[in-house]
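Here is how the chains run, residue by residue.
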Amino acid sequence: MPFRFDNSYSRLPATFFENIVPTPVKNPETIRLNEELTVELGGDVETLRSDAGTMILAGNRVAEGSEPIAMAYSGHQFGGFSPQLGDGRAILLGEVIRGDGVRFDIQLKGSGQTPFSRRGDGRSALGPVLREYIVSEAMHALGVPTTRSLAAVATGQPVFREGPIPGGVLTRVARSHVRIGTFQWFAARSQNDDVKTLADYVIDRHYPEAKEGPHPYRSLFDRVVERQASLIAHWMQLGFIHGVMNTDNMSVSGETIDYGPCAFMDVYHPGKTFSSIDQQGRYAFANQSPIGHWNLARFAETLLPLLADTEDEAVEIATASLDKFPQIHREEMRSRFYAKIGIIKDSKLDSDNHDSDWDLVDEVLSIMADGHADFTLVFRNLPVAFEQNDALPVSKWFAEPDVFAGWFDKWRQRLEGVDRSAAIDLMRTHNPIYIPRNHRVEQAIESGYRGDFQPFHQLVDLLKTPFEEQPEFSEYENPPEAHEVVQATFCGT
């Protein structure tokens, strides 16, 4: 038994899920096991490293204590509501309780058809498995709340998309897999008792402090709003674009979930998208905050029967909570971007007051967009420029280096009199050297399809310490050459 399972979600009413056993694959092989995470979750590394462990991670064998289920949920996808989605290619094996009492889901992605698969095969190509492993573990190392990857397995059999390609299974770990869309599943069916059951479950699992006040469901909503506002600001601090912020891809625990057509920007532009299906730019970089707000409004709609006795009063309560989102997000953005340029703030900003420091941030982002500058390299080299009192370490990344000089002079004046070492440390701890650049991820995937996983392992290992200099891997700092630029990413379903 690799884990000691305790399955609270499968003890909920039968309307919440379907019992389903993963479909075995022909010749599974473990590509990578996250041994550190296994130990953290109290798992048995030796068992998971064995052939028997590979069978469990591939879905060929159900571990003792596991109660496999496919979860039901709905969702707004690109603004249109789909009442019946659910886990179409994922199966929740069960839950484990970490030593500190925190509960985590263990889920297989790509493990075969479920009652929610519709016309899909329930499988995953190997590429999306490798992508999610790389990016989710990188996000964890960058300090972003996120689901994590426990294992990547090659199935030894193809999946058929445009043609046959190798298949894979990812083992994902999450604080839970309850989504805004999970609430929408029951609300769309007017199953208000089930909405309440789900809300009580989420409070018990994620927000037990909400029970301490007189209005636990209001408190639940307030806390989800806070976490999502903070999470999206954290994404944007790093130039991350989720790609598909549908309501079924938004976790109520406040973790980043569902790494499909996600990407980190190279050249900065606020309108940047990567998803091959986001033709209108709905989920562009700068739209992530308003879309998060919109998704939370959909969440609020599901909670109205719990917020007050009358609909008018419930709407008023929900609106008051939703109205907090822009301010929370703005404060988080300012705090994070001030740190990126070495400005230390002692307290939260009064959002009603104009803050000239934000003008500095806004201006550097604007000239980065106009100058086709690399987001990560500009911010990472700011402390170098500050130390050398020379704009060149940053200006060289602009198409026209002179446009940076004016901003550099204003910024340098702003930092006069500050603790220089503290400002440098602040920048270096908020501006990573290494991110999972799209071309490197694609190279790892292409090599994996050929059976060579060395680039995948090297990238995963490198990204464990994204803020530390690693001279032997300095080429990973570089943006892509013109022929390496990735223009679009794909969900990989």
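From a predicted model like this one, the values you see are computed outputs, not experimental measurements.

**Examining the overall build of the chain**
Okay, so step 1: In terms of regular secondary structure, the chain is built from 17 helices and 12 strands.
Okay, so step 2: Computed over its C-alpha atoms, the radius of gyration of the chain comes to 23 Å, within 12% of the 23 Å expected for a compact globule of 493 residues.
Okay, so step 3: Dimensions of the chain, computed from C-alpha atoms along their principal axes, come out at roughly 65 × 60 × 45 Å.
Okay, so step 4: Taking the intrachain contacts of the chain between residues at least 6 apart in sequence as the baseline, contacts between residues at least 24 apart amount to 71%.
Okay, so step 5: A total accessible area of about 20,100 Å² is found for the chain, and carbon and sulfur atoms account for 48% of it.

**Quick look at the environment of K26**
Okay, so step 1: As for its placement among the helices and strands, K26 is situated in the loop between β1 (17-19) and β2 (29-33).
Okay, so step 2: Overall, the relative accessible area of 71% leaves K26 in the exposed class.
Okay, so step 3: Remark: the alpha-carbon pair of K26 and G156, spanning 130 residues in sequence, is separated by 5.9 Å.
Okay, so step 4: For K26, the residues in contact, after removing those within four places along its chain, are T155, G156 and Q157.

**Comments concerning the nonpolar core**
Okay, so step 1: Y9, F183, M368, F404 and W411 are the most contacted members of the largest nonpolar core, which has 101 residues in total.
Okay, so step 2: Of the residues forming this core, the biggest block, 11 residues, is contributed by helix α7 (residues 216-237).
Okay, so step 3: In this view, Y9 contacts F16, F17, I69, M71, E95, V178, T182, L198 and Y201; residues no more than four positions away in its chain are not counted.

**Things to note about the pattern of salt bridges**
Okay, so step 1: Summed over the entire model, instances satisfying the criterion amount to 31 salt bridges.
Okay, so step 2: Measuring nitrogen to oxygen at the nearest pair gives 3.0 Å for the salt bridge that ties D200 to K196. Here the residue D200 and the residue K196 both occupy positions in helix α6 (residues 192-206), the gap between them amounting to four residues, near one helical turn.
Okay, so step 3: Using a relative accessible area of 25% as the deciding quantity, one classes D200 as partly exposed.

**As for helix α8 (residues 288-307)**
Okay, so step 1: Over its 20 residues, α8 extends 27 Å from the first C-alpha to the last, a length consistent with the 28 Å expected when each residue adds 1.5 Å.
Okay, so step 2: In the structure, α8 departs most strongly from a straight axis at E301, where the bend amounts to approximately 40 degrees and where the proline P305 lies between one and four residues downstream.
Okay, so step 3: In terms of burial, α8 is a largely internal element, 15 of the 20 residues being buried.

**Description of the packing of aromatic side chains**
For any two aromatic rings, the description comes down to two numbers: the centre-to-centre distance and the angle of the planes.
Okay, so step 1: Counted by the stated rule, this structure contains 25 aromatic pairs.
Okay, so step 2: An aromatic cluster is defined as three or more aromatic residues linked by ring pairs; in this entry it consists of Y268, F285, F337, Y338, W358, F375 and F379.
Okay, so step 3: Above the plane of the ring of F274 lies K272, whose end atom (NZ or CZ) is 4.8 Å from the centre.
Okay, so step 4: Lying over the aromatic face of W294, R282 brings its terminal NZ or CZ to 4.9 Å of the ring centre.

Conventions adopted
Residues numbered from 1 in each chain as written. Predicted model: local features only at pLDDT ≥ 70, side-chain atom pairs only at ≥ 80, totals over all residues. Heavy atoms only, no water. Helix = DSSP H or I, 4+ residues; strand = E, 2+ residues; numbered from the N terminus. Rg over C-alpha atoms; globule rule 2.2 N^0.38 Å. Contact = heavy atoms within 4.5 Å. Areas by Shrake-Rupley, 256 points an atom, 1.4 Å probe, with all protein chains shown as cover. Buried < 20%, exposed > 50% of the residue type's maximum accessible area, 1.4 Å probe, protein only. Core = buried A, V, L, I, M, F, W, Y, C linked by side-chain atoms within 4.5 Å. Salt bridge = Lys/Arg side-chain N within 4 Å of Asp/Glu carboxyl O. Expected span 1.5 Å × (residues − 1). Bend = angle between axes of the 7 residues up to and from the residue. Phe/Tyr/Trp six-rings, centres within 6.5 Å; stacked < 30°, edge-to-face > 60°. Lys NZ or Arg CZ within 6 Å of the ring centre and 35° of its normal.

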